[in-house]
Amino acid sequence: MISVELIEHIFKAASISRWNDYPRMTNLVELDKQAHKFIIAYFIAKMEKEVNMRFIIEAGIFEFLSRVVVTDIRPDVYHEITRAKNEQVSAWVLSKIAPMIQDIENGEFLKRYELFLQGKDYAKERLILKAASYFATRWEFNIVYQTSSFLNDIDEIKAKVEEELEDYYELIGARKIALNQKISKIIDLSGRLRFQKRWAQTPRIPETAVLGHMLVVAILSYFYSLEVKACDGRIESNFYCALFHDLPESLTRDIISPVKYGIDGLNEIINEYEMKLINEKILPFIPLSFREEFSYILGIREGQNEESTFVKNEFENRIFNNKPSVYSGSLDAVNENRFRAIDGKALKYCDKLAAFIEAALSISYGVKSKELENGFLGMYEYFKTNPTINGVNFFKICEDIKEYFKL
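Here the structure is a predicted model, which means the values were calculated and not measured.

Re the overall build of the chain
Check the secondary structure of the chain and you find 18 helices and six strands. A globule of 407 residues ought to have a C-alpha radius of gyration of about 22 Å, and the chain, at 21 Å, matches this closely. With the principal axes as the frame, the chain shows a C-alpha extent of 60 × 50 × 40 Å. Across the 407 residues in the chain, those meeting the buried criterion constitute 54%.

Okay, here's the thing in structure tokens:
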């Protein structure tokens with residue numbers, strides 16, 4: 001499904017500081033920026049007609065993997081270099097990435113990456129990704145500007161940032177964001193998840209935020225989907241379910257499992273309150289044209305009793321067949337775009353694997369605590385007891401990580 005080398009490459013983004021030549025009130029890292037970009041791209045794409053969402057996801061992953069390779073080059077310098085030496089730069093980036101991805105999907109994923117680097121197709125989708133990257137960068141710049149107003153070049157940079165906005169006005173979503181309409185509130189809400197750190201107060205290296213964690217789970221879900229030969233509709237649903245699975249935490253904050261499940265009945269109370277906040281502070285700001293689809297991705301469906309009209313469970317298998325419903329059979333039987341199947345139980349595995357990796361990396365760097373070690377061992381035993389789902393061996397990945405980092 002995924003190599004340890006590729007996992008390590010993805011998590012390097014959590015250690016790449018952005019705007020590091022400017023004073024900042026908080027550390028801004030590449031992983032969070034990329035996560036925010038994917039979220040913004042989703043909303044812009046859904047407001048356009050005839051957009052290839054599979055390409056949006058895959059090209060976004062390609063851009064992310066490439067960005068980690070060229071991280072030491074300032075964006076303006078990098079853009080100047082690519083204008084003059086694009087083929088050479090692409091070949092160099094490919095040489096770094098290819099060994100990590102050559103075995104995925106029997107080499108087909110690598111072939112699509114090579115085609116993507118040629119940049120000859122999907123003009124609208126590429127523009128959407130570029131616009132999403134711009135808005136994520138602009139969101140960060142608003143933070144940087146607060147602490148850099150004394151610098152003599154900051155207003156010149158601000159003018160350049162604002163000027164670039166015109167490049168994306170042909171996109172409906174870009175105009176709505178620029179005008180600070182409803183959808184901008186969701187983008188702002190999701191961006192704030194970069195300030196919520198994972199593992200509560202436990203010191204870790206690299207430190208990761210809830211926002212970055214959501215993207216890691218989404219990328220793991222994507223490679224899982226490739227492994228089970230999911231159709232495009234299922235790939236899309238799995239990816240965005242994973243990408244938004246912790247969005248409600250922007251309203252409730254991350255409540256660690258020992259607290260959530262340690263008090264009898266607390267989890268049910270939290271879930272009920274979370275559903276109330278979603279109805280008040282998220283769904284009203286989603287355009288009506290895809291609000292039903294977005295609710296499905298979040299795992300919202302009608303409850304089974306009169307007391308609870310709607311319930312939320314993002315980690316249950318489900319399909320959308322006229323309306324969202326839990327699906328207890330094999331999802332391979334509904335592996336068609338029209339069903340938009342979601343492998344909820346497998347996404348739970350991806351979520352746990354992401355947490356296992358977070359703990360493993362920190363322990364390998366020598367920064368560990370009782371909570372981290374217990375979490376690492378607990379999840380290792382979980383995957384040892386439940387190694388596979390839908391034929392995909394997650395425990396093998398855990399063993400590879402354990403061996404690779406000498407844990």
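As for the domain arrangement of the chain
Segmenting the chain into domains produces domain 1 (4-186) and domain 2 (216-405). The distance between the C-alpha centroids of domain 1 and domain 2 comes to 25 Å. Across the contact, 30 residues belong to domain 1 and 31 residues belong to domain 2. Between domain 1 and domain 2, a total of about 2,900 Å² is buried, with carbon and sulfur atoms accounting for 80% of that surface.

What about helix H17 (residues 370-385)?
Relative to the 22 Å expected for 16 residues at 1.5 Å per residue, H17 spans 22 Å between its end C-alpha atoms, a close match to the ideal helical length. Turning to H17, the residues buried within the fold contact helix H16 (344-364) and helix H18 (394-404).

What about the nonpolar core?
In this structure, Phe43 and Phe244 are the most contacted members of the largest nonpolar core, which totals 139 residues. Here this core gathers at least three residues from each of two domains, domain 1 (4-186) and domain 2 (216-405). Non-local contacts of Phe244, meaning those with residues more than four positions away in its chain, are made with Ile39, Tyr42, Phe43, Met214, Phe294, Ile297 and Leu298. One finds Ile319, Leu331, Val334 and Ala341 within the second-largest nonpolar core, a separate group that totals five residues.

What to know about helix H7 (residues 154-164)
Buried within H7 are the following residues: Ile154, Ile157 and Val161. Each buried residue of H7 lies within a common arc of 60° when the element is viewed along its axis, so the set occupies one face. H7 presents Lys160 and Glu163 as exposed residues on the side facing more than 90 degrees away from its buried surface. Structurally, H7 contributes buried residues whose contacts are with helix H6 (123-148).

Procedures and definitions
- Residues numbered from 1 in each chain as written.
- Predicted model: local features only at pLDDT ≥ 70, side-chain atom pairs only at ≥ 80, totals over all residues.
- Heavy atoms only, no water.
- Helix = DSSP H or I, 4+ residues; strand = E, 2+ residues; numbered from the N terminus.
- Rg over C-alpha atoms; globule rule 2.2 N^0.38 Å.
- Buried < 20%, exposed > 50% of the residue type's maximum accessible area, 1.4 Å probe, protein only.
- Domains from an automatic or database assignment.
- Contact = heavy atoms within 4.5 Å.
- Buried area = accessible area lost by both parts, 1.4 Å probe.
- Expected span 1.5 Å × (residues − 1).
- Core = buried A, V, L, I, M, F, W, Y, C linked by side-chain atoms within 4.5 Å.
- Arc of directions from axis to C-beta.

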